[in-house]
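If you want the building blocks of each chain, they are given just below.
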Amino acid sequence: MKPITPPRVAPNERPQTYRVKSFGCQMNVYDGERMGEMLDEQGMSAASEGEDADLVVLNTCHIREKAAEKIYSDIGRLTKGKTQKKAPMIAVAGCVAQAEGEEIMKRAPAVSMVVGPQAYHRLPDMLDKAVKGERATDTDMPAIAKFSALPVRKKRTPTAFLTVQEGCDKFCTYCVVPYTRGAEISRPFGDLISEAQGLVESGAREITLLGQNVNAWGGENEKGIAQGLDGLIRQLAKIPKLQRIRYTTSHPNDFTPGLIAAHAEVDKLMPYLHLPVQSGSDRVLKAMNRQHTAEGYLRLLEQMRAARPDIALSGDFIVGFPGETEAEFEETLSLVDEVRYAQAYSFKYSPRPGTPAATMDNQIPREVMDDRLQRLQARLNRDQLAFNAASVGKSCTVLVERKGKLPGQWLGKSPWLQSVWFADEEWGEAELGDMVEVDVIDAGANSVQGVLRQAALT
Ligand code: SAH
Ligand code: SF4
Ligand code: F3S
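Everything numeric here is computed off the predicted structure, so don't read it as measured data.

Help me out: how do you make sense of the pattern of salt bridges in this one?
Any two side chains of opposite charge can pair, given that their charged atoms come close. Enumeration over the complete set of coordinates arrives at 32 salt bridges. Put simply, Arg366 and Glu65 hold a salt bridge, and the shortest N to O gap is 3.7 Å. With Arg366 in helix H13 (residues 366-389) and Glu65 in the loop between strand E3 (55-60) and helix H2 (67-79), the pair connects residues that are 301 residues apart, well separated along the chain. Using a relative accessible area of 41% as the deciding quantity, one classes Arg366 as partly exposed. Judged by relative accessible area, which is 36%, Glu65 ranks as partly exposed. Here Glu324 and Arg372 are joined by a salt bridge, their closest N and O atoms 2.9 Å apart. Pair noted here: Glu324 is in the loop between strand E15 (312-319) and helix H12 (326-339) and Arg372 is in helix H13, with a separation of 48 residues, a long-range link.

Laid out in structure tokens, this is it:
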């Protein structure tokens, strides 16, 4: 590939506006928001929709194939003026930056800054250098230092993410996360409570606690007593204006009886659990180094359903892991039939450079993966539609998150994370962040439709 031309923005010209483009998981989105807040602190402002930005931050994800190639083509489009008229200053952040920082600097002279997910609190310093024409790479992993160096949150939306735990020690054989995000660390209890209070004061009514293995979070409360995620959730539930708490993503092996009990006892903890299983075959799970069996996973879901009978379940699946036979794939289909997920994500296996599975024998041909993915998704869609259809004729509480495209149309989420839309011309004065009661009248695979029964419960 030809090297990409340097930016046309003159050095010494301090960028005034920025755009952060996040491509990854919710934690990547959270990081993107925090980078934006830091740039705000530097006196910059977010470029509005359709407006050229002086600085573009590509906040990358490394989990899928072609992640790196995509970045080079994005950089190419930015510098050739295909994305915006004037070439911006470019920063590459996120998990590809962590994994391939040096390479990006070499291959793309247009990039001024490369910053890993654990080092972005140093973005302002890097920006100072970049303005002077010095390119900088920072892919250090200084554990928890990042969070205390970030500005106070100012986000004003009804729903907010809060990263409580980062990194992963599980080393599933297909996954890059332990390499791009580093070892598991938990943010301190007190910091999380104050960040949550700040978010609620500025308008958040729902907080989703984030971590690669969020249920491995551990800390000490203000009295020095050891707490698990359930302890943190119980404390957060005491914040009066906070209405809803969610958490994602969990690992089956980090579930505790306390967290299961919290689902039965804490009203603000929503009846929804995203618990990836990846495969229904014990042989494949072992080769993936998941360290749990299909049976163990199903037993855990049984316990969750006993604690919270209406819980909506979600999962992640990988089809075509090296060596997966047709019979093993069918075990995944059987597991799906048994669980009946309300929602799920499914992926074709993608060999990630540097992971053990990438060099395993018996890589599965693409056509076989395509076929398996299609068959799996047909079942998952069937169940998702059935779950939504079962809501018709019932009422549910909706947290209003945004206006729809048509006048009087509103969008929000049910407790089970279904997207709910409803129309109400009269109720034009509503505030985003209101909790309303809606009667569900129709259901599709991806959303349900309702009519307003009672406005503003809070
Ligand atoms: N920490 C979470 C999520 C990790 S990434 C967990 O342990 O479940 C999100 C999902 O991406 C994974 O659950 C997995 O289904 C998928 N994934 C990760 N690496 C992958 C790969 N190499 N190929 C295909 N899917 C992958
Ligand atoms: Fe990746 Fe496994 Fe860790 Fe999840 S638990 S982030 S899939 S290594
Ligand atoms: Fe992607 Fe990194 Fe998240 S690889 S899924 S952005 S942790």
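What exactly am I supposed to notice about the sheet that holds strand E5 (residues 111-115) here?
Sheet strands associate in pairs through backbone hydrogen bonding, adopting either a parallel or an antiparallel arrangement. Taking strand neighbours across the sheet as the criterion, the six strands line up as E2-E1-E3-E4-E5-E6 in an open arrangement whose pairing is parallel. Each edge of the open sheet is held by one strand with a lone partner, namely strand E2 (45-46) and strand E6 (136-138). In the sheet, strand E1 (residues 17-22) pairs with E2 via two bridges, with the strands oriented parallel. Looking at E2, one finds that Thr17 is bridged to Ser45.

Which parts of the structure should I look at to understand the packing of aromatic side chains?
For any pair of aromatic rings, the description rests on two quantities: the centre-to-centre distance and the angle between the ring planes. Enumeration over the complete set of coordinates arrives at five aromatic pairs. A ring pair is formed by Phe171 and Tyr179, whose centres lie 5.6 Å apart and whose planes are at 75°; its orientation type is edge-to-face. For the pair Phe189 and Trp217, a centre-to-centre distance of 6.4 Å together with 35° between the ring planes defines the contact as tilted. With Phe189 in helix H7 (residues 189-201) and Trp217 in the loop between strand E10 (206-210) and strand E11 (218-220), this pair connects stretches of sequence that are 28 residues apart. By relative accessible area, Phe189 is classed as buried at 4%.

How should I be thinking about the site of ligand 1 in this particular structure?
The full set close to ligand 1 counts 15 residues, and Tyr174, Gln212, Gln278, Asp316 and Ser350 are the nearest of them. Measuring from a nitrogen atom of ligand 1, one finds a backbone N or O atom of Tyr174 at 2.9 Å. One of the backbone nitrogen or oxygen atoms of Gln212 is found 2.7 Å away from a nitrogen atom of ligand 1. Within the complex, the protein chains bury 89% of what would otherwise be the 540 Å² of accessible surface of ligand 1. By residue class, the composition of the shell around ligand 1 is six nonpolar, four polar and five charged.

Hey, could you run me through the site of ligand 2 in this one?
Neighbouring ligand 2 are Cys168, Lys170, Phe171, Cys172, Tyr174, Cys175, Val177, Pro178, Asn213, His251 and Arg290. Class assignment for the residues of the shell around ligand 2 results in seven nonpolar, two polar and two charged.

I would appreciate a short explanation of the pairing of E1 in the present structure.
Taken residue by residue, a regular strand's side chains alternate between the two faces of the sheet. You can see the chain leave E1, run along helix H1 (residues 26-41) and come back into E2, and the turn it takes is right-handed. Bridge count for E1 against E3 is five bridges, and the pairing is parallel. Bridged to Ser22 within E3 is Asn59.

Before we go on, may I ask you to explain the nonpolar core in this structure?
Inside soluble globular proteins, nonpolar side chains tend to come together where they are buried. In terms of nonpolar packing, the biggest core is built from 91 residues, with Leu55, Leu209, Leu229, Leu232, Tyr247 and Tyr341 touching the most fellow members. Once you skip the residues sitting within four places of it in the chain, Tyr341 turns out to touch Val277, Tyr297, Leu313, Ser314, Gly315, Phe317, Leu335, Val336, Leu380, Asp383 and Gln384. In this structure, Ala47, Ala68, Tyr72 and Val92 belong to the second largest nonpolar core, which totals 20 residues.

For this particular structure, what's the right way to read the sheet that holds E15?
Overall, parallel pairing links the three strands, which are arranged E14-E15-E16 in an open sheet. Looking at strand neighbours, the two that pair on one side only are strand E14 (272-274) and strand E16 (343-348), the edges of this open sheet. Recorded for the sheet is a direction-independent mean angle of 10° between the axes of neighbouring strands. The pairing of E15 with E16 spans six bridges and is classified as parallel. Bridge pairing links Asp316 to Tyr345 in E16. Relative to the sheet, H13 contacts E15 and E16, its axis offset from that of E16 by approximately 175°.

What's the story with unusual backbone geometry in this structure? I'm lost.
With the exception of glycine, most residues fall at negative phi, and the peptide bonds are largely trans. Thr248 connects to Thr249 through a cis peptide bond whose omega is 0°. Its place among the elements puts Thr249 in the loop between strand E13 (244-248) and helix H9 (257-265). The backbone phi angle of Phe171 is positive, close to 50°, even though this residue is not glycine. In this structure, Phe171 sits in the loop between strand E8 (165-166) and helix H6 (177-180). Positive phi, close to 75°, is recorded for Gln278, a residue that is not glycine.

Please explain H13 as it appears in this structure.
In an α-helix, one turn spans 3.6 residues; hence positions three or four apart end up facing the same way. The terminal C-alpha atoms of H13, which comprises 24 residues, lie 34 Å apart, in line with the 34 Å expected from a rise of 1.5 Å per residue. Within H13, burial applies to Met369, Arg372, Leu373, Leu376, Leu380, Asp383, Gln384 and Asn388. For H13, the secondary structure elements touched by its buried residues are E15, H12, E16, strand E20 (435-443) and strand E21 (448-454).

What should I look at first to understand the side chain of Gln212 in this one?
Position of Gln212 among the secondary structure elements: in the loop between E10 and E11. In this structure the side chain of Gln212 is engaged in a polar contact, spanning 3.0 Å, whose partner is the backbone nitrogen of Gly167.

Just checking my understanding: could you explain the packing of H1 against helix H4 (residues 123-131) for this structure?
When two helices pack together, you describe them by how their axes are tilted relative to each other and by the distance separating the axes. As a packed pair, H1 and H4 sit with axes 10 Å apart at the nearest point and diverge in direction by 60°. Classed by the angle they form, the pair H1 and H4 counts as oblique. Both H1 and H4 take part in a crossing whose hand is right-handed. Where H1 approaches H4, its residues Met35, Met38 and Leu39 are matched on the opposing element by Leu123, Pro124 and Leu127. Classifying every residue of the contact of H1 with H4 gives six nonpolar, no polar and no charged.

Conventions used here
Residues numbered from 1 in each chain as written. Chains lettered and ligands numbered in written order. Predicted model: local features only at pLDDT ≥ 70, side-chain atom pairs only at ≥ 80, totals over all residues. Heavy atoms only, no water. Salt bridge = Lys/Arg side-chain N within 4 Å of Asp/Glu carboxyl O. Helix = DSSP H or I, 4+ residues; strand = E, 2+ residues; numbered from the N terminus. Buried < 20%, exposed > 50% of the residue type's maximum accessible area, 1.4 Å probe, protein only. Pairing = 2+ DSSP bridges. Phe/Tyr/Trp six-rings, centres within 6.5 Å; stacked < 30°, edge-to-face > 60°. Near = heavy atom within 4 Å. Polar contact = N/O pair within 3.5 Å; in protein donor to acceptor, adjacent residues only side chain to side chain. Areas by Shrake-Rupley, 256 points an atom, 1.4 Å probe, with all protein chains shown as cover. Nonpolar A, V, L, I, M, F, W, Y, C, P; charged D, E, K, R; others polar. Right-handed = clockwise from strand over helix to strand, strands pointing away. Core = buried A, V, L, I, M, F, W, Y, C linked by side-chain atoms within 4.5 Å. Contact = heavy atoms within 4.5 Å. Axes fitted to C-alpha atoms, helices over the stretch in contact; angles between N-to-C directions. Expected span 1.5 Å × (residues − 1). Parallel < 35°, antiparallel > 145°, perpendicular 65-115°, else oblique. Left-handed = near helix turned anticlockwise from the far one by under 90°.

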